[in-house]
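Residue-level structure breakdown
The primary structure of each chain is shown beneath.
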Amino acid sequence: MIKDERFMEIAIKEAYKAKGRTLPNPAVGAVIVKDGKIIATGYHEKAGLPHAESIAIERAGEKAKGATLYVTLEPCNHHGKTPPCTEKIIKAGIKRVVVGIRDPNPVARGGVERLKNAGIDVKVGVCKKECFELIDDFIVNLKEKRPFISLKFGATLDGMIADKNGNSKWITSSESRKLVHLLRSYHNAVMVGIGTVLKDDPLLNVREIKTDVQPKAIIVDPKLKIPLHSKLVKERAKELLILTAQNSLSSSKARILKDFGITLIPVYSKNNKLNLKEALEVLKEEFGIYSIMCEGGSKLASNLLEKELIDKFYLFYASKFLGKGISMFSLEFNINSACEINIWEIQQIKTKNSLNTNVLLKAYRKNFIPIRS
(Lines give C-alpha, C1' and ligand atoms only; values in the text may rest on other atoms or scores of the structure.)
Protein backbone atom coordinates (compact mmCIF):
# COMPACT_ATOMS: atom_id res chain seq x y z
CA MET A 1 0.00 0.00 0.00
CA ILE A 2 2.83 2.38 0.83
CA LYS A 3 4.38 1.77 -2.60
CA ASP A 4 1.03 2.30 -4.33
CA GLU A 5 0.56 5.61 -2.55
CA ARG A 6 4.10 6.72 -3.38
CA PHE A 7 3.69 6.10 -7.10
CA MET A 8 0.19 7.61 -7.13
CA GLU A 9 1.59 10.77 -5.54
CA ILE A 10 3.99 11.02 -8.47
CA ALA A 11 1.07 10.61 -10.89
CA ILE A 12 -0.75 13.42 -9.05
CA LYS A 13 2.28 15.70 -9.44
CA GLU A 14 2.28 14.92 -13.15
CA ALA A 15 -1.39 15.90 -13.41
CA TYR A 16 -0.84 19.22 -11.66
CA LYS A 17 1.53 20.27 -14.44
CA ALA A 18 -1.56 21.07 -16.51
CA LYS A 19 -4.18 21.74 -13.80
CA GLY A 20 -6.72 24.23 -15.16
CA ARG A 21 -5.39 24.11 -18.72
CA THR A 22 -7.09 20.80 -19.57
CA LEU A 23 -10.61 22.10 -18.95
CA PRO A 24 -13.27 21.19 -19.93
CA ASN A 25 -11.37 17.90 -19.55
CA PRO A 26 -10.06 16.78 -16.15
CA ALA A 27 -6.39 17.01 -15.20
CA VAL A 28 -4.96 13.49 -15.18
CA GLY A 29 -1.51 12.05 -14.49
CA ALA A 30 -0.09 8.58 -15.08
CA VAL A 31 3.00 6.59 -14.07
CA ILE A 32 4.13 3.18 -15.35
CA VAL A 33 6.18 1.07 -12.96
CA LYS A 34 8.02 -2.20 -13.54
CA ASP A 35 10.08 -4.13 -11.02
CA GLY A 36 9.69 -1.24 -8.59
CA LYS A 37 11.11 1.35 -11.00
CA ILE A 38 9.39 4.11 -12.93
CA ILE A 39 9.77 3.51 -16.67
CA ALA A 40 7.45 6.26 -17.97
CA THR A 41 5.21 9.14 -16.90
CA GLY A 42 2.61 11.24 -18.67
CA TYR A 43 -0.08 13.85 -18.14
CA HIS A 44 -2.99 15.20 -20.14
CA GLU A 45 -1.92 18.60 -21.48
CA LYS A 46 -5.02 19.96 -23.17
CA ALA A 47 -8.49 18.93 -24.36
CA GLY A 48 -8.18 17.13 -27.68
CA LEU A 49 -4.62 15.96 -27.04
CA PRO A 50 -3.69 12.40 -25.95
CA HIS A 51 -4.65 11.29 -22.45
CA ALA A 52 -2.12 10.71 -19.68
CA GLU A 53 -2.26 6.91 -19.91
CA SER A 54 -1.72 6.98 -23.66
CA ILE A 55 1.32 9.24 -23.38
CA ALA A 56 2.89 7.11 -20.65
CA ILE A 57 2.31 3.90 -22.64
CA GLU A 58 3.85 5.41 -25.77
CA ARG A 59 6.90 6.46 -23.79
CA ALA A 60 7.23 3.06 -22.15
CA GLY A 61 7.06 1.15 -25.42
CA GLU A 62 7.65 -2.60 -25.11
CA LYS A 63 8.60 -2.16 -21.44
CA ALA A 64 4.90 -1.56 -20.63
CA LYS A 65 4.23 -5.29 -20.99
CA GLY A 66 3.75 -6.81 -17.54
CA ALA A 67 4.03 -3.43 -15.81
CA THR A 68 1.75 -1.58 -13.39
CA LEU A 69 -0.04 1.61 -14.46
CA TYR A 70 -0.89 4.25 -11.85
CA VAL A 71 -3.48 6.76 -13.05
CA THR A 72 -5.26 9.48 -11.05
CA LEU A 73 -8.60 9.02 -12.83
CA GLU A 74 -10.36 5.93 -14.15
CA PRO A 75 -9.24 5.26 -17.74
CA CYS A 76 -11.90 6.28 -20.24
CA ASN A 77 -13.90 3.59 -21.99
CA HIS A 78 -15.52 5.55 -24.80
CA HIS A 79 -14.70 7.08 -28.17
CA GLY A 80 -14.42 10.88 -27.87
CA LYS A 81 -11.81 13.11 -29.46
CA THR A 82 -9.37 10.32 -28.58
CA PRO A 83 -9.79 6.50 -28.59
CA PRO A 84 -10.58 4.64 -25.33
CA CYS A 85 -7.57 4.42 -23.04
CA THR A 86 -8.76 1.02 -21.85
CA GLU A 87 -8.05 -0.53 -25.26
CA LYS A 88 -4.55 0.92 -25.33
CA ILE A 89 -3.85 -0.41 -21.82
CA ILE A 90 -5.02 -3.90 -22.78
CA LYS A 91 -3.05 -3.88 -26.03
CA ALA A 92 0.13 -2.75 -24.21
CA GLY A 93 0.00 -5.85 -22.01
CA ILE A 94 -0.16 -3.98 -18.71
CA LYS A 95 -0.98 -6.51 -15.98
CA ARG A 96 -2.09 -4.21 -13.13
CA VAL A 97 -3.82 -0.80 -12.98
CA VAL A 98 -4.08 1.35 -9.85
CA VAL A 99 -6.77 4.05 -10.08
CA GLY A 100 -7.11 7.09 -7.82
CA ILE A 101 -10.80 7.86 -8.37
CA ARG A 102 -13.67 6.71 -10.58
CA ASP A 103 -14.67 9.04 -13.41
CA PRO A 104 -17.71 11.18 -12.39
CA ASN A 105 -18.70 11.46 -16.05
CA PRO A 106 -21.20 8.65 -16.77
CA VAL A 107 -20.27 8.75 -20.45
CA ALA A 108 -16.64 7.88 -19.72
CA ARG A 109 -17.18 5.43 -16.83
CA GLY A 110 -16.78 1.70 -17.18
CA GLY A 111 -13.04 1.63 -17.63
CA VAL A 112 -12.49 -0.35 -14.43
CA GLU A 113 -14.96 -3.05 -15.48
CA ARG A 114 -13.51 -3.24 -19.00
CA LEU A 115 -9.99 -3.76 -17.66
CA LYS A 116 -11.13 -6.40 -15.17
CA ASN A 117 -12.97 -8.26 -17.91
CA ALA A 118 -9.71 -8.34 -19.85
CA GLY A 119 -8.00 -10.10 -16.94
CA ILE A 120 -6.15 -7.06 -15.60
CA ASP A 121 -5.79 -6.65 -11.83
CA VAL A 122 -7.42 -3.31 -10.90
CA LYS A 123 -7.26 -1.45 -7.61
CA VAL A 124 -9.36 1.67 -7.01
CA GLY A 125 -9.24 4.40 -4.36
CA VAL A 126 -5.51 4.98 -3.77
CA CYS A 127 -4.98 8.63 -2.68
CA LYS A 128 -8.62 9.22 -3.60
CA LYS A 129 -8.87 12.42 -1.56
CA GLU A 130 -5.96 14.02 -3.41
CA CYS A 131 -7.24 12.73 -6.76
CA PHE A 132 -10.70 14.16 -6.03
CA GLU A 133 -9.23 17.61 -5.35
CA LEU A 134 -7.34 17.39 -8.61
CA ILE A 135 -10.61 17.28 -10.60
CA ASP A 136 -12.89 19.42 -8.41
CA ASP A 137 -13.12 22.04 -11.17
CA PHE A 138 -14.04 19.39 -13.76
CA ILE A 139 -16.78 18.03 -11.47
CA VAL A 140 -18.44 21.44 -11.13
CA ASN A 141 -18.28 22.00 -14.91
CA LEU A 142 -19.87 18.61 -15.41
CA LYS A 143 -22.56 18.72 -12.72
CA GLU A 144 -23.35 22.43 -12.38
CA LYS A 145 -22.90 23.49 -16.04
CA ARG A 146 -21.00 26.61 -14.97
CA PRO A 147 -17.42 27.62 -14.15
CA PHE A 148 -15.80 26.35 -10.96
CA ILE A 149 -15.48 29.21 -8.46
CA SER A 150 -12.87 29.37 -5.71
CA LEU A 151 -12.52 32.20 -3.21
CA LYS A 152 -9.18 33.28 -1.83
CA PHE A 153 -8.69 35.65 1.09
CA GLY A 154 -5.71 36.60 3.22
CA ALA A 155 -6.97 37.41 6.72
CA THR A 156 -6.12 37.87 10.36
CA LEU A 157 -7.27 35.31 12.90
CA ASP A 158 -10.34 37.44 13.61
CA GLY A 159 -11.32 37.38 9.93
CA MET A 160 -10.19 40.84 8.83
CA ILE A 161 -8.86 41.28 5.29
CA ALA A 162 -7.78 44.90 5.88
CA ASP A 163 -7.63 47.43 8.70
CA LYS A 164 -10.37 50.03 9.14
CA ASN A 165 -8.54 52.35 6.69
CA GLY A 166 -8.47 49.67 4.00
CA ASN A 167 -4.78 48.81 4.35
CA SER A 168 -3.99 45.14 3.68
CA LYS A 169 -0.31 45.07 2.68
CA TRP A 170 0.72 42.75 4.02
CA ILE A 171 -1.40 40.63 6.30
CA THR A 172 0.04 37.33 5.12
CA SER A 173 3.65 36.27 4.49
CA SER A 174 5.60 36.33 1.23
CA GLU A 175 5.49 32.52 1.25
CA SER A 176 1.67 32.59 1.34
CA ARG A 177 1.56 35.12 -1.47
CA LYS A 178 3.80 32.92 -3.60
CA LEU A 179 1.43 30.01 -3.05
CA VAL A 180 -1.44 32.24 -4.22
CA HIS A 181 0.32 32.62 -7.57
CA LEU A 182 0.48 28.84 -7.89
CA LEU A 183 -3.25 28.63 -7.15
CA ARG A 184 -3.92 31.31 -9.76
CA SER A 185 -2.13 29.18 -12.34
CA TYR A 186 -4.68 26.40 -11.71
CA HIS A 187 -7.53 28.65 -12.89
CA ASN A 188 -8.59 30.10 -16.24
CA ALA A 189 -9.27 33.53 -14.74
CA VAL A 190 -8.84 35.70 -11.63
CA MET A 191 -11.79 37.90 -10.66
CA VAL A 192 -12.15 40.94 -8.37
CA GLY A 193 -14.58 43.80 -7.83
CA ILE A 194 -13.86 47.35 -8.96
CA GLY A 195 -13.18 48.40 -5.35
CA THR A 196 -10.14 46.11 -5.24
CA VAL A 197 -8.88 47.58 -8.52
CA LEU A 198 -9.24 51.15 -7.27
CA LYS A 199 -7.53 50.35 -3.98
CA ASP A 200 -4.73 47.98 -5.01
CA ASP A 201 -4.22 48.49 -8.79
CA PRO A 202 -3.53 44.75 -9.25
CA LEU A 203 -2.34 42.85 -12.33
CA LEU A 204 -4.14 39.60 -11.39
CA ASN A 205 -1.54 37.51 -13.18
CA VAL A 206 0.95 34.79 -12.23
CA ARG A 207 4.38 36.20 -11.39
CA GLU A 208 6.00 34.22 -8.60
CA ILE A 209 6.18 30.95 -10.54
CA LYS A 210 6.79 30.00 -14.16
CA THR A 211 3.71 29.49 -16.31
CA ASP A 212 3.08 29.15 -20.03
CA VAL A 213 -0.48 30.47 -19.86
CA GLN A 214 -1.67 33.50 -17.92
CA PRO A 215 -5.20 33.50 -16.45
CA LYS A 216 -7.64 36.05 -17.81
CA ALA A 217 -8.54 39.00 -15.58
CA ILE A 218 -12.23 39.62 -14.78
CA ILE A 219 -13.47 42.84 -13.17
CA VAL A 220 -16.97 43.45 -11.85
CA ASP A 221 -17.43 47.14 -12.69
CA PRO A 222 -21.04 48.25 -13.39
CA LYS A 223 -20.22 51.94 -13.96
CA LEU A 224 -16.83 51.47 -15.68
CA LYS A 225 -14.88 53.20 -12.96
CA ILE A 226 -11.66 51.42 -13.91
CA PRO A 227 -8.93 54.05 -14.42
CA LEU A 228 -7.40 54.21 -17.89
CA HIS A 229 -3.96 54.41 -16.26
CA SER A 230 -4.49 51.22 -14.21
CA LYS A 231 -2.07 48.33 -14.69
CA LEU A 232 -4.83 46.10 -16.02
CA VAL A 233 -5.67 48.56 -18.81
CA LYS A 234 -2.06 49.43 -19.63
CA GLU A 235 -0.56 45.94 -19.42
CA ARG A 236 -3.36 43.35 -19.75
CA ALA A 237 -6.04 44.96 -21.92
CA LYS A 238 -6.49 42.04 -24.32
CA GLU A 239 -6.76 39.59 -21.41
CA LEU A 240 -9.22 41.74 -19.46
CA LEU A 241 -12.98 41.13 -19.31
CA ILE A 242 -15.24 43.63 -17.53
CA LEU A 243 -18.70 42.66 -16.28
CA THR A 244 -20.70 45.87 -16.51
CA ALA A 245 -24.16 47.41 -16.94
CA GLN A 246 -25.89 47.66 -20.30
CA ASN A 247 -26.19 51.46 -20.11
CA SER A 248 -22.44 51.77 -19.54
CA LEU A 249 -21.73 50.43 -23.03
CA SER A 250 -22.90 53.64 -24.70
CA SER A 251 -20.45 55.85 -22.78
CA SER A 252 -17.29 57.39 -24.22
CA LYS A 253 -15.31 55.46 -21.57
CA ALA A 254 -16.64 52.19 -22.99
CA ARG A 255 -15.48 53.13 -26.48
CA ILE A 256 -12.00 53.93 -25.20
CA LEU A 257 -11.77 50.66 -23.30
CA LYS A 258 -12.89 48.71 -26.37
CA ASP A 259 -10.24 50.48 -28.46
CA PHE A 260 -7.64 49.14 -26.00
CA GLY A 261 -8.91 45.63 -26.76
CA ILE A 262 -10.83 45.14 -23.50
CA THR A 263 -13.95 42.97 -23.58
CA LEU A 264 -17.07 44.48 -22.00
CA ILE A 265 -19.85 42.10 -20.99
CA PRO A 266 -23.24 43.54 -19.93
CA VAL A 267 -24.66 41.37 -17.13
CA TYR A 268 -26.45 43.86 -14.89
CA SER A 269 -30.24 44.09 -14.63
CA LYS A 270 -32.28 47.30 -14.78
CA ASN A 271 -32.18 47.67 -10.99
CA ASN A 272 -28.37 47.57 -11.17
CA LYS A 273 -28.06 44.08 -9.71
CA LEU A 274 -25.38 41.77 -11.00
CA ASN A 275 -26.88 38.69 -12.64
CA LEU A 276 -24.21 36.24 -11.52
CA LYS A 277 -25.86 33.23 -13.12
CA GLU A 278 -25.93 34.93 -16.51
CA ALA A 279 -22.39 36.24 -16.05
CA LEU A 280 -20.99 32.79 -15.34
CA GLU A 281 -22.88 31.22 -18.23
CA VAL A 282 -21.51 33.84 -20.63
CA LEU A 283 -17.96 33.44 -19.36
CA LYS A 284 -18.12 29.67 -19.82
CA GLU A 285 -20.03 29.36 -23.08
CA GLU A 286 -18.69 32.38 -24.98
CA PHE A 287 -15.18 32.80 -23.59
CA GLY A 288 -14.17 29.27 -22.57
CA ILE A 289 -13.60 30.18 -18.92
CA TYR A 290 -14.20 27.05 -16.87
CA SER A 291 -12.57 27.99 -13.55
CA ILE A 292 -12.36 31.33 -11.76
CA MET A 293 -10.45 32.36 -8.66
CA CYS A 294 -12.15 35.26 -6.88
CA GLU A 295 -9.85 37.42 -4.77
CA GLY A 296 -12.32 39.96 -3.40
CA GLY A 297 -13.45 42.28 -2.25
CA SER A 298 -15.93 41.55 0.48
CA LYS A 299 -18.95 42.81 -1.53
CA LEU A 300 -18.30 40.50 -4.47
CA ALA A 301 -17.43 37.61 -2.16
CA SER A 302 -20.68 38.16 -0.25
CA ASN A 303 -22.66 38.17 -3.48
CA LEU A 304 -21.13 34.86 -4.52
CA LEU A 305 -21.63 33.35 -1.07
CA GLU A 306 -25.26 34.45 -0.90
CA LYS A 307 -25.96 32.79 -4.28
CA GLU A 308 -24.13 29.61 -3.13
CA LEU A 309 -21.68 29.93 -6.02
CA ILE A 310 -18.42 29.50 -4.11
CA ASP A 311 -17.27 25.93 -4.59
CA LYS A 312 -13.94 26.08 -2.78
CA PHE A 313 -12.35 28.33 -0.17
CA TYR A 314 -8.65 29.14 0.12
CA LEU A 315 -8.42 31.07 3.39
CA PHE A 316 -4.92 32.19 4.38
CA TYR A 317 -4.75 33.15 8.06
CA ALA A 318 -1.87 35.11 9.59
CA SER A 319 -1.12 34.92 13.32
CA LYS A 320 -2.45 38.43 13.91
CA PHE A 321 -5.52 40.21 15.28
CA LEU A 322 -6.92 43.55 14.11
CA GLY A 323 -10.05 43.92 16.22
CA LYS A 324 -11.74 46.45 13.96
CA GLY A 325 -11.32 46.31 10.22
CA ILE A 326 -12.85 45.07 6.99
CA SER A 327 -14.17 41.52 7.27
CA MET A 328 -14.29 38.88 4.54
CA PHE A 329 -18.04 39.17 4.08
CA SER A 330 -20.57 41.97 4.49
CA LEU A 331 -23.46 39.53 5.01
CA GLU A 332 -25.12 38.94 8.36
CA PHE A 333 -26.36 35.55 9.60
CA ASN A 334 -27.79 34.46 12.91
CA ILE A 335 -26.43 31.42 14.71
CA ASN A 336 -29.15 29.14 13.31
CA SER A 337 -28.66 30.21 9.69
CA ALA A 338 -24.88 30.59 9.70
CA CYS A 339 -23.15 29.58 6.49
CA GLU A 340 -21.41 26.24 6.99
CA ILE A 341 -18.53 24.82 4.95
CA ASN A 342 -16.74 21.48 4.81
CA ILE A 343 -13.15 21.86 5.97
CA TRP A 344 -10.93 19.84 3.65
CA GLU A 345 -7.40 20.50 4.83
CA ILE A 346 -5.45 22.78 7.18
CA GLN A 347 -1.89 23.41 6.07
CA GLN A 348 0.78 25.31 7.97
CA ILE A 349 2.91 27.46 5.70
CA LYS A 350 6.52 27.73 6.72
CA THR A 351 7.83 31.26 6.87
CA LYS A 352 11.27 32.78 7.29
CA ASN A 353 9.90 34.82 10.17
CA SER A 354 8.63 32.29 12.68
CA LEU A 355 6.62 35.02 14.41
CA ASN A 356 4.39 35.40 11.36
CA THR A 357 3.04 31.87 11.10
CA ASN A 358 0.49 31.42 8.32
CA VAL A 359 -2.14 28.72 7.94
CA LEU A 360 -4.04 27.80 4.79
CA LEU A 361 -7.53 26.48 5.38
CA LYS A 362 -9.01 24.73 2.36
CA ALA A 363 -12.74 24.01 2.36
CA TYR A 364 -15.65 23.18 0.06
CA ARG A 365 -19.22 24.41 0.15
CA LYS A 366 -21.45 22.26 2.31
CA ASN A 367 -23.39 20.63 -0.55
CA PHE A 368 -20.39 19.93 -2.76
CA ILE A 369 -20.40 16.56 -4.54
CA PRO A 370 -18.84 13.96 -2.20
CA ILE A 371 -15.82 11.81 -3.02
CA ARG A 372 -16.54 8.73 -5.07
CA SER A 373 -13.99 5.95 -5.25
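What you are looking at is a predicted structure, and each value in this text was computed from that prediction instead of being measured.

Observations regarding helix α11 (residues 276-287)
Along its 12 residues, α11 runs 15 Å from first to last C-alpha, staying within 8% of the 16 Å computed at 1.5 Å per residue. Taken as a whole, α11 has its buried residues at L276, A279, L280, V282, L283 and K284. Within two residues after α11, G288 carries a phi angle of roughly 65 degrees, on the positive side.

Focus: the sheet that holds strand β5 (residues 121-124)
Spatially, five strands are ordered β2-β1-β3-β4-β5 in an open sheet, and the strand pairing comes out mixed. Edge positions in the sheet fall to β2 (37-43) and β5, since each has one partner strand and no second. In this sheet, adjacent strand axes meet at a mean angle of 15 degrees when their direction is disregarded. Pairing analysis gives six bridges linking strand β1 (residues 29-34) to β2, with the strands arranged antiparallel. Bridge pairing in β2 places A30 opposite G42. Sheet contacts for helix α2 (residues 52-60): β1, β2 and β3 (68-73); angle to β2, the most-contacted strand, approximately 135 degrees.

As for the state of the cysteines
This model, assessed by the stated rule, comprises zero disulfides. The thiol sulfur of C131 is not disulfide-bonded, and the nearest other cysteine sulfur, from C127, lies at 6.1 Å.

Topic: the nonpolar core
M8, I32, I89, I94 and V97 are the most contacted members of the largest nonpolar core, which has 46 residues in total. Once residues lying within four places of it in the same chain are set aside, the contact partners of I32 are K37, I38, I39, A40, A56, I57, A60, A67, T68, L69 and I94. Counting residues in hydrophobic clusters, the runner-up holds 36 residues, among them L280, V282, I292 and A363.

Digging into the packing of aromatic side chains
The geometry of an aromatic ring pair is captured by the separation of the ring centres together with the interplanar angle, meaning the angle of the planes. Taken as a whole, this structure holds eight aromatic pairs when the rule is applied. Taken together, a centroid distance of 5.2 Å and an interplanar angle of 40 degrees make the contact between Y16 and Y186 tilted. On the criterion of sequence distance, the pair formed by Y16 in helix α1 (residues 2-16) and Y186 in the loop between α7 (174-185) and β8 (189-193) is long-range, its members being 170 residues apart. A relative accessible area of 24% means that Y16 is categorised as partly exposed. With centroids separated by 5.5 Å and ring planes inclined at 35 degrees, the aromatic side chains of F132 and W344 adopt a geometry described as tilted. Within this pair, whereas F132 is found in helix α5 (residues 128-134), its partner W344 is found in strand β15 (residues 341-349), the two being separated by 212 residues in sequence. In terms of burial, F132 and W344 fall into one category: buried. In this structure an aromatic cluster arises from ring pairing among F132, W344, Y364 and F368. Across the ring face of W344, the terminal group of K129 is positioned such that the distance to the ring centre comes to 4.9 Å.

Quick word on the pairing of β8
Residues in a regular strand project their side chains so that they alternate between the two faces of the sheet. Here β8 lies mainly inside the structure; five of its five residues are buried. Examined bridge by bridge, β8 and strand β9 (residues 216-220) share five bridges and lie parallel to one another. Bridging from a neighbouring strand, V192 pairs with I219 of β9. Remark: the β8/helix α8 (residues 194-200)/β9 crossover connection has right-handed handedness. In the sheet, β8 pairs with strand β12 (residues 291-294) via three bridges, with the strands oriented parallel. Directly across from A189, in β12, lies its bridge partner I292.

The rules behind the values
Residues numbered from 1 in each chain as written. Predicted model: local features only at pLDDT ≥ 70, side-chain atom pairs only at ≥ 80, totals over all residues. Heavy atoms only, no water. Helix = DSSP H or I, 4+ residues; strand = E, 2+ residues; numbered from the N terminus. Expected span 1.5 Å × (residues − 1). Buried < 20%, exposed > 50% of the residue type's maximum accessible area, 1.4 Å probe, protein only. Pairing = 2+ DSSP bridges. Axes fitted to C-alpha atoms, helices over the stretch in contact; angles between N-to-C directions. Contact = heavy atoms within 4.5 Å. Disulfide = S-S within 2.5 Å. Core = buried A, V, L, I, M, F, W, Y, C linked by side-chain atoms within 4.5 Å. Phe/Tyr/Trp six-rings, centres within 6.5 Å; stacked < 30°, edge-to-face > 60°. Lys NZ or Arg CZ within 6 Å of the ring centre and 35° of its normal. Right-handed = clockwise from strand over helix to strand, strands pointing away.

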